[in-house]
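Read off the chains here:
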Amino acid sequence: MKKVLLSITVIIIALTMLLSLTACGEDKPNEDAPNPNEWNITDTTIAEKDKVRVVINLSIGEVKKHINLELYPTIAPLSVANFLQYVDEDYYDNVVFHRVIEGFMIQTGEYYVIDRGIYIKEGQHDPIKGEFSANGVENPISHKAGVISFARTNVMDSATSQFFICSADASASLDGKYAAFGRVCDQQSLDVVVEISKLPTKFVNMMFQNFPGETVVTILSVDRYTGAVNG
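Below, the structure is looked at part by part. (Residues numbered from 1 in each chain as written. Predicted model: local features only at pLDDT ≥ 70, side-chain atom pairs only at ≥ 80, totals over all residues. Heavy atoms only, no water.)

## Considerations on the side chain of Glu110
Positionally, Glu110 belongs in the loop between β4 (105–108) and β5 (111–114). Buried and unpaired, Glu110 has Arg99 as its nearest opposite-charge partner, separated by 12 Å. If we ignore the near neighbours within four places in the chain, the residues touching Glu110 are Tyr91, Val95, Tyr119, Ile120, Lys121, Gln124, Ser161 and Gln162. (Helix = DSSP H or I, 4+ residues; strand = E, 2+ residues; numbered from the N terminus. Buried < 20%, exposed > 50% of the residue type's maximum accessible area, 1.4 Å probe, protein only. Lys, Arg positive; Asp, Glu negative; His and termini not counted. Salt bridge = Lys/Arg side-chain N within 4 Å of Asp/Glu carboxyl O. Contact = heavy atoms within 4.5 Å.)

So, in structure tokens, the structure goes:
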């Protein structure tokens, strides 16, 4: 994969994406032992046949961990298809979590690190339509702790590869404005999300204002899986 330094244009676009999500989440809720089983996606249970499960294998520094996720294509078909497109192409391999905020969320999906340099990964697809109510699409998935959703710029139909996972309840600031499309499957996975969100961060530049400081969190792979959830 050719390593390309961030251009000024890319910096401006990415900065807009980061600041857009920050602005919607300024009133960050307090973290209070979130549990993925304390709330329902909808009023009815989603059938097993309508779920797609994936596992994010990652390293927190030198320690390997994983996050189990279940995705809901019957609720957010474009978002799930977009995410799985990147998964099947191994796009997320070696991508880092470049933005973590305690009591809010962890964000990844576009950058990798070599020798302390931050680079953008090539191979992104065209942006997709944002599946949220402000964009004319009903989406009942609330941004509670453990929910996965797509990041975007201030343009509603601008999501590509970047996604975030809520580490706490951010429904008041994000519902109806961002395309949620799944959630973590188990408490262990949510514990990993919360652990990452609590990592000390550093200011790199205006684009990377909440970059993990001493501990780099790297996605090793994202894989589909079937069968029972392995907590």
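## Describing the sheet that holds strand β8 (residues 163–166)
With antiparallel pairing, the eight strands of this open sheet are ordered in space as β3-β4-β8-β7-β9-β2-β1-β12. The sheet is open, and its two edges are formed by β3 (97–101) and β12 (217–224), each paired on a single side. On average, each strand axis in the sheet is tilted by 25° relative to the strand beside it, whichever way the strands run. In the sheet, strand β1 (residues 52–60) pairs with β12 via seven bridges, with the strands oriented antiparallel. Paired with Val54 across the strands is Arg224, a residue of β12. (Pairing = 2+ DSSP bridges. Axes fitted to C-alpha atoms, helices over the stretch in contact; angles between N-to-C directions.)

## What to know about the nonpolar core
Core analysis: the biggest nonpolar cluster contains 37 residues, and Leu71, Phe83, Tyr92 and Ile165 have the highest contact counts within it. Non-local contacts of Tyr92, meaning those with residues more than four positions away in its chain, are made with Phe83, Tyr86, Val87, Gly109, Lys121, Phe150, Ser161, Phe163, Ile219 and Val222. Membership of the second largest hydrophobic core comes to nine residues, among which are Ile101, Phe104, Ala170 and Leu174. (Core = buried A, V, L, I, M, F, W, Y, C linked by side-chain atoms within 4.5 Å.)

## Re the packing of aromatic side chains
A complete count under the given rule lists 12 aromatic pairs for this structure. Summarising the aromatic geometry, the rings of Tyr111 and Phe208 are spaced 5.0 Å apart at their centres and angled 85° between planes, so their arrangement reads as edge-to-face. Taken together, the residues Tyr111 in strand β5 and Phe208 in the loop between β10 (201–202) and β11 (211–212) connect sequence positions 97 residues apart. Each of the two residues, Tyr111 as well as Phe208, counts as buried. Within the aromatic cluster, the residues linked to one another by ring pairs are Phe83, Tyr86, Tyr91, Tyr92, Phe150, Phe163 and Phe181. When the ring centre of Tyr91 is taken as reference, the NZ or CZ atom of Lys121 above it lies at 5.4 Å. For Arg152, the ring lying beneath its charged end belongs to Tyr178, and the centroid distance is 4.7 Å. (Phe/Tyr/Trp six-rings, centres within 6.5 Å; stacked < 30°, edge-to-face > 60°. Lys NZ or Arg CZ within 6 Å of the ring centre and 35° of its normal.)

## Here's the deal with the pairing of strand β7 (residues 147–150)
Each regular strand carries side chains that alternate between the two faces of the sheet. Alternating residues of β7 divide into Val147 and Ser149 and Ile148 and Phe150, and every residue in both groups is buried. With three bridges joining them, β7 and strand β9 (residues 180–184) adopt antiparallel strand pairing. Among the inter-strand pairings, Ser149 is bridged to a residue of β9, identified as Ala180. In the sheet, β7 pairs with β8 via three bridges, with the strands oriented antiparallel. Bridging from a neighbouring strand, Ser149 pairs with Phe164 of β8.

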